[in-house]
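Chain by chain, the residues:
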Amino acid sequence: MDYLVPNHHLNQSPHGFSGDSTVYPRTCPIRTLLCPARQIYFSFLLALIGGCVVATFAPTLPAQSLGVTPLDPIQPDPGLTFLMGLSWAMEGPESPNFNRAVQALQGAAERNSRAAQSILGRMLIQTTEPVKFQTGVAWLKRATQTGDMHAPWLLAAIYQNGGPGISPDKDLTVSYLEIAANAGHQEAPHALAHFYDQPAADESDMLNAVKWYRQAALKGHTPSQLRLAYLYQSGLNVRRDLKEALHFYGLAMESQNLQATFNAAQIYDFGPAEIRDIPKAVELYKSAADLGHPDSQLYFAQKVLQGQSPQGSFDLALDYLKRSASAGSPRAQFQYGVIQIEMAHSKAEAEAGMQAIRMAVHAGIIPATIELARIHFFGHSPHIPPDVPQATQLYEKLALDGNKDAQALLGYIYQMGEGGVKQNISTAASWYLKAAQDGVVEAQYNLGMLHLNGEGLQQSQSEALRWLTKAAGSGHPLAALNLGVIYNKINDSTKAVEWFRKAAENGVNNAAYYLGIVFDESVRLQSAKRESLKWFRSAARSGNLKAQYSLAYRLMEESSPRENLVESYQWFKVAAAHGHPSASDALQKFFTFSSGNCLISHFPG
């Protein structure tokens, strides 16, 4: 079947709002297109046929007793002609009686019978012959002029889609829809509103759309109520008005429309403070959930789990979540699967949870795919051991779809050769590059290090600097540390200090030690010495063994004031206790350097 207006699905909001999915027939079998008085005509036809049967079997009377002579012409009864045409028309356009029906109805139509004009027009537009089709259009226009409300509806369909010998015409489509709507056709106002309500609609179009949606909605047309409510709710090409949205959702709820109930609940759940009403939202969710609405079952379960339902328990939430999952809600399948795995006491229960998540993955729920990959990568409890190859397949699917985090993880998996996946540094580098270009900081760092070390890639200090600088600029502390190392190696102490300082300020222990080295090796200015001791001391206190030894050694050199020697001795002892190979020897030499026993009394034992 063709349609006057294609299915109109509302844009989906993050909370699953949806609306009108009404369709309108362009052309239908003749049996369904005969005018609304069809039943009355059919009753008359049965009565007439019954009368004919009686007459057929009644005694034959002389012609003179009827008041006519055998030579008198018998005039056809217009009503009989119409009804016989109607009966043949009901056999359909493929019937051998089709032409007889046309002839019978044409006489009545020419006598300005609106019903005959309308039926004749509908019959003829079923054909593909241009002459007959256009004749049908002409009769529909005659019926429209005499007030038939179905004829302009069909004419609008014809001029929207075109037909044999007739080109589409937007203006005529709108004109005939308006005639049908004003004549009382039930679906015409909604179709007319839909005609104006298009993605490229301007302000004038949307005003017309709202006008006709409202007319249909106030007459009880549920799809118009839903669409108008959604327009007000979303502010989609109209002024946002949540109170109006709730009003029209309320009208649709009078027809027990579950989508309207759910959408109204969403407004109360996520609307602004002056409208938000969580208890009302929970009430509406439960109302629709109990009547089988899957999204409402999901949201009601979530409210129970969040403790926002006055009467609820974990088991109740799990029951509604399971019902929603069983009804095919992918998000419910995902959440139910995660809970089922967490609660699993056996391998079978864990596998049931995994299967629910797989169903959500199959439905395209990206978080479900990420979670399934994570579970396979790390494993979960004794019932689900790690399966890195399976996780890799899932990450590759995500990565090929553009998921940058999956691309970065694939780089790590191939770089490390994790869990049975063969190590491939070149493949790792290619995935790191994709993720790095999308701004994943960890991928930028790893790619920079591969370039720095020449692993899987041609060694390139410039490329290393490029990617490490990007990562460090986004706050990656190890990238800053390695930038400091590179700049120190090429004798750019200014930049080395800059990056070492940033790394140190972000808690990288070695960075403070390297800062101490840089200042220690700089021109022996007093300020540089103080900076060197400052950073050595910071790294030493953080447990850096090399820093502890270097600090002790520099303090020993700076034997004045005497407190430096005391601190130097203490750090040598700490470094020796932690296993620094030179610290014990330094302690033995310390007394010689400090002129022997004169200082021993100042040192702790």
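The notes below deal with the structure included here.

Below, the discussion takes up the overall build of the protein. When helices and strands are counted, the protein shows 31 helices and 0 strands. Per-residue burial for the protein yields a buried fraction of 47% across its 605 residues. Of all intrachain contacts in the protein linking residues separated by at least 6 positions in sequence, the fraction that spans at least 24 positions is 46%. Of the roughly 30,500 Å² of accessible surface on the protein, a fraction of 53% belongs to carbon and sulfur atoms.

Counting residues in hydrophobic clusters, the biggest one holds 71 residues, and the most contacted among them are Val137 and Tyr249. Excluding residues within four positions of it along the chain, Tyr249 makes contact with Leu226, Ala229, Tyr230, Gln233, Ala260, Asn263, Ala264 and Ile267. One finds Ala503, Phe536, Leu551 and Leu565 within the second-largest nonpolar core, a separate group that totals 47 residues.

In helix packing, the relevant descriptors are the interaxial angle and the interaxial distance, both defined with respect to the helix axes. Where helix H9 (residues 188-196) contacts helix H10 (residues 203-218), the two axes come as close as 8 Å, and the packing angle between them is 160 degrees. When the interaxial angle is binned, H9 and H10 end up roughly antiparallel. Here H9 runs over H10; the crossing is left-handed. In this structure, H9 uses Pro189, His190, Leu192, Ala193, His194 and Tyr196 to contact H10, whose residues at the interface are Asp205, Met206, Asn208, Ala209, Trp212, Tyr213, Gln215 and Ala216. For the contact of H9 with H10, the class distribution of residues is 9 nonpolar, 4 polar and 1 charged.

Under the 1.5 Å per step criterion, the end-to-end length of helix H27 (residues 509-521) is 19 Å for 13 residues, consistent within 8% with the ideal 18 Å. Listing the buried residues of H27 in full gives Ala511, Ala512, Tyr513, Leu515, Gly516, Ile517, Val518, Phe519 and Asp520.

Let us now look at unusual backbone geometry. Peptide bonds are mostly trans, and most non-glycine residues show a negative phi. One non-glycine residue with positive phi stands out, namely Asn237, at about 65 degrees. By secondary structure assignment, the location of Asn237 is in the loop between helix H11 (222-234) and helix H12 (242-253). In this structure, Asn491 is a non-glycine residue whose phi angle is positive, near 65 degrees.

Tallied over the full model, the rule gives 15 salt bridges. Note that Arg227 and Asp197 form a salt bridge whose closest N and O atoms lie 2.7 Å from each other. In this pair, Arg227 is assigned in helix H11 and Asp197 in the loop between H9 and H10, connecting sequence segments 30 residues apart. Its relative accessible area of 3% is what places Arg227 among the buried residues. Note that Arg239 and Asp241 form a salt bridge whose closest N and O atoms lie 3.1 Å from each other. A relative accessible area of 58% places Arg239 in the exposed class. Classification of Asp241 as buried rests on a relative accessible area of 17%.

This brings us to the environment of Ala540. With respect to the helices and strands, the residue Ala540 is situated in helix H28 (residues 526-541). Classification of Ala540 as buried rests on a relative accessible area of 2%. With 10 residues separating them in the primary sequence, Ala540 and Ser550 have C-alpha atoms 8.8 Å apart. When residues no more than four places from it in sequence are discounted, the contact partners of Ala540 are Ala547, Gln548, Leu551 and Trp571.

Another point: the side chain of Gln259. Examined against the element boundaries, Gln259 turns out to sit in helix H13 (residues 258-270). There is a polar contact of 3.5 Å between the side chain of Gln259 and the side chain of His293.

Together, Leu305, Phe314 and Met343 make up an exposed nonpolar region whose accessible area comes to about 240 Å². With respect to the helices and strands, Phe314 occurs in helix H16 (residues 314-326). Among the residues examined, Phe314 registers a relative accessible area of 37% and is labelled partly exposed.

Criteria and cut-off values
Here the residue index of a chain counts from 1 through its sequence in written order. Residues qualify for local features only when their pLDDT is at least 70, as the model is predicted, and side-chain atom pairs are given and counted only at 80 or more; totals for whole chains, interfaces and linings, by contrast, use all residues. No hydrogens and no water enter the side-chain calculation; it runs on all heavy atoms of the structure. Secondary structure counts use DSSP, requiring at least four H or I residues in a row for a helix and at least two E residues in a row for a strand, with both numbered from the N terminus. In this scheme, a residue with accessible area under 20% of its type's maximum is buried, one over 50% is exposed, and one in between is partly exposed, where area comes from a 1.4 Å probe on protein chains only. Only heavy atoms enter the contact rule, under which two residues are in contact if any of them lie within 4.5 Å. With residues, only the protein chains shown are counted as cover, and all accessible areas are computed by Shrake-Rupley using a 1.4 Å probe. Residues belong to a common nonpolar core when they are buried Ala, Val, Leu, Ile, Met, Phe, Trp, Tyr or Cys residues joined through side-chain atoms within 4.5 Å. Orientation is described by axes fitted as lines to C-alpha atoms, over the contacting stretch for helices, and by angles from 0 to 180 degrees between their N-to-C directions. By the definition adopted for this analysis, an angle is roughly parallel if under 35 degrees, roughly antiparallel if over 145, roughly perpendicular if from 65 to 115, and oblique otherwise. Crossing handedness follows the turn of the near helix against the far one: under a right angle anticlockwise gives a left-handed crossing, and clockwise gives a right-handed one. For this classification, Asp, Glu, Lys and Arg are treated as charged, while Ala, Val, Leu, Ile, Met, Phe, Trp, Tyr, Cys and Pro are nonpolar and the rest, including Gly, are polar. What a helix should span is 1.5 Å times the count of its residues minus one. Basic side-chain nitrogens of Lys or Arg form a salt bridge, by our definition, when they fall within 4 Å of a carboxyl oxygen of Asp or Glu. Counted as a polar contact is a pair of N or O atoms within 3.5 Å, where, for protein atoms, one must be capable of donating a hydrogen and the other of accepting one, and residues adjacent in sequence contribute only when both atoms are in side chains. Every patch collects residues that have over 30% relative accessible area and no salt bridge, joining them within 9 Å if they carry like charges and within 5 Å if they are nonpolar side chains (Val, Leu, Ile, Met, Phe, Trp, Tyr).

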